Amino acid sequence: KDSEKPLLINLLQLVEKANSLPTPEEVFGRRDPSARVMSQNMNEIIDAIEIGRDCSAKILQSLKDEGEGIELDSVRKTVEEIDESCPVGLPEMDAVKNQLYEASMWEEKL
């Protein structure tokens, strides 16, 4: 499922490279439908980047230990929500899922 999503880092690189190019309106003219479609697509990519950054922040927040330990159920819920709602792939999700699995296995042994 995540493999179908574009990676956040790739979208950031795309926007960085696109920033050095003339705008579609400058190239094709304001009335050309291609310019409008390209601008809409870029806006959708920027929106996806913002959502991806928010999701990444949620992951980090769920892993923050306030001195009482990390609540695994809360982390698990956050991971599931992000898996469902985030439009971009976040490489850190695999690491968090692995840590969550390991912590769950350790917790079962107690």
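Residues numbered from 1 in each chain as written. Predicted model: local features only at pLDDT ≥ 70, side-chain atom pairs only at ≥ 80, totals over all residues. Heavy atoms only, no water.

Comments concerning the confidence of the model for the chain
Looking at the chain, pLDDT values average 90 and 97% of them are 70 or higher. Of all helices and strands in the chain, the one with the weakest mean pLDDT is helix α5 (residues 92-109) (88), whereas helix α1 (residues 8-19) scores best (96). (pLDDT = per-residue confidence, 0-100. Helix = DSSP H or I, 4+ residues; strand = E, 2+ residues; numbered from the N terminus.)

Details of a negative patch on the surface
A grouping of E44, D47, E50 and D54 is seen on the molecular surface, where their side chains present a negatively charged patch. Within the secondary structure, E44 is located in helix α3 (residues 33-62). (Patch = residues over 30% accessible without salt bridge, like charges linked within 9 Å, V, L, I, M, F, W, Y side chains within 5 Å. Areas by Shrake-Rupley, 256 points an atom, 1.4 Å probe, with all protein chains shown as cover. Salt bridge = Lys/Arg side-chain N within 4 Å of Asp/Glu carboxyl O. Lys, Arg positive; Asp, Glu negative; His and termini not counted. Charge placed at Lys NZ, Arg CZ, Asp CG, Glu CD.)

Describing the side chain of S104
Note on placement: S104 falls in helix α5. Under the relative-accessibility criterion, S104 is labelled buried at 14%. Within the structure, S104 has its side chain in polar contact with the side chain of R76 (distance 2.6 Å). Excluding its chain neighbours within four sequence positions, the residues that come into contact with S104 are L72 and R76. (Buried < 20%, exposed > 50% of the residue type's maximum accessible area, 1.4 Å probe, protein only. Polar contact = N/O pair within 3.5 Å; in protein donor to acceptor, adjacent residues only side chain to side chain. Contact = heavy atoms within 4.5 Å.)

A few points about the pattern of salt bridges
Enumeration according to the criterion identifies 2 salt bridges in this entry. The salt bridge partner of D73 is R76, with a shortest N-O separation of 2.8 Å. Highlighted residues: D73 and R76, both in helix α4 (residues 72-85), separated by 3 residues, approximately one helical turn. D73 gets classed as exposed once you look at its relative accessible area, which sits at 51%. Residue D83 is joined to K97 by a salt bridge in which the shortest nitrogen-to-oxygen separation is 3.0 Å. Placement of D83 in helix α4 and of K97 in helix α5 is noted, with a sequence separation of 14 residues between them.

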